[in-house]
Amino acid sequence: MRFLGNIEAKVDAKGRVFLPATFRKVLQASGEEVLVLRKDVFQSCLTLYPESVWNEQLDNLRTKLSRWNAAEQQIFRQFVSDAELLTLDGNGRFLIPKRYQMLAHIEQSVRFIGMDDTIEVWCNERVKEPFMDSQEFGEALQHLMNSATDKTTINSSK
């Protein structure tokens, strides 16, 4: 399941928004009906997880954290308690609860950004926040890809 794109949408007075059709099609093709909404850990945006992806993430986190370590239990508790199950209504809309709107500074419009197996929901007025300028992006990608190529070359020459 791959979500791609950068799509603007309006939020109605009740806090409902249409999930873009391209993303709904990906969910339907994967047989996903439930989404999990959570404030992103690093950015001031929201993240939508298809339920299966959320469950994988949760299982992965759980295996890294001990139930018998108080600090690790606190991390797990905070991660899980900040999540909410969502289903789309018959029109393809979902409600962004008020507390999430406040956390992500969402008012009248949002931008959905496909992030492979998740979807980010950004306040449209903050749309430049998640991106580098084009020169910085090009240099970072070049460095990253050259590093990956160097590792592949080293591993294949062994």
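Cut-offs applied
- Residues numbered from 1 in each chain as written.
- Predicted model: local features only at pLDDT ≥ 70, side-chain atom pairs only at ≥ 80, totals over all residues.
- Heavy atoms only, no water.
- Pairing = 2+ DSSP bridges.
- Helix = DSSP H or I, 4+ residues; strand = E, 2+ residues; numbered from the N terminus.
- Axes fitted to C-alpha atoms, helices over the stretch in contact; angles between N-to-C directions.
- Contact = heavy atoms within 4.5 Å.
- Salt bridge = Lys/Arg side-chain N within 4 Å of Asp/Glu carboxyl O.
- Expected span 1.5 Å × (residues − 1).
- Polar contact = N/O pair within 3.5 Å; in protein donor to acceptor, adjacent residues only side chain to side chain.

## What to know about the sheet that holds strand β5 (residues 83–87)
By definition, the strands of a sheet pair up through backbone hydrogen bonds, in either a parallel or an antiparallel sense. Strand order in this open sheet of 6 strands is β1-β7-β8-β4-β3-β5, and the pairing throughout is antiparallel. Each end of this open sheet is capped by a strand with a single partner; those strands are β1 (6–10) and β5. The mean angle between the axes of side-by-side strands here comes to 30 degrees, regardless of whether they run parallel or antiparallel. Across the face of the sheet, helix α2 (residues 51–64) comes into contact with β3 (34–39), β4 (46–50), β5 and β8 (118–123) while running at roughly 100 degrees to β4. The strands touched by helix α3 (residues 70–81) within the sheet are β3, β4 and β5, with β5 carrying the most contacts at an inclination of about 30 degrees.

## Regarding the pattern of salt bridges
As enumerated under the stated definition, the model contains 5 salt bridges in all. Asp89 is paired through a salt bridge with Arg93; the nearest N and O atoms lie 2.8 Å apart.

## As for α3
With 12 residues, α3 should reach 16 Å at 1.5 Å per residue; the first-to-last C-alpha distance of 16 Å fits that figure. A distance of 3.0 Å separates the backbone nitrogen of Ala71 from a side-chain oxygen at the start of α3, and that oxygen is part of Asn69.

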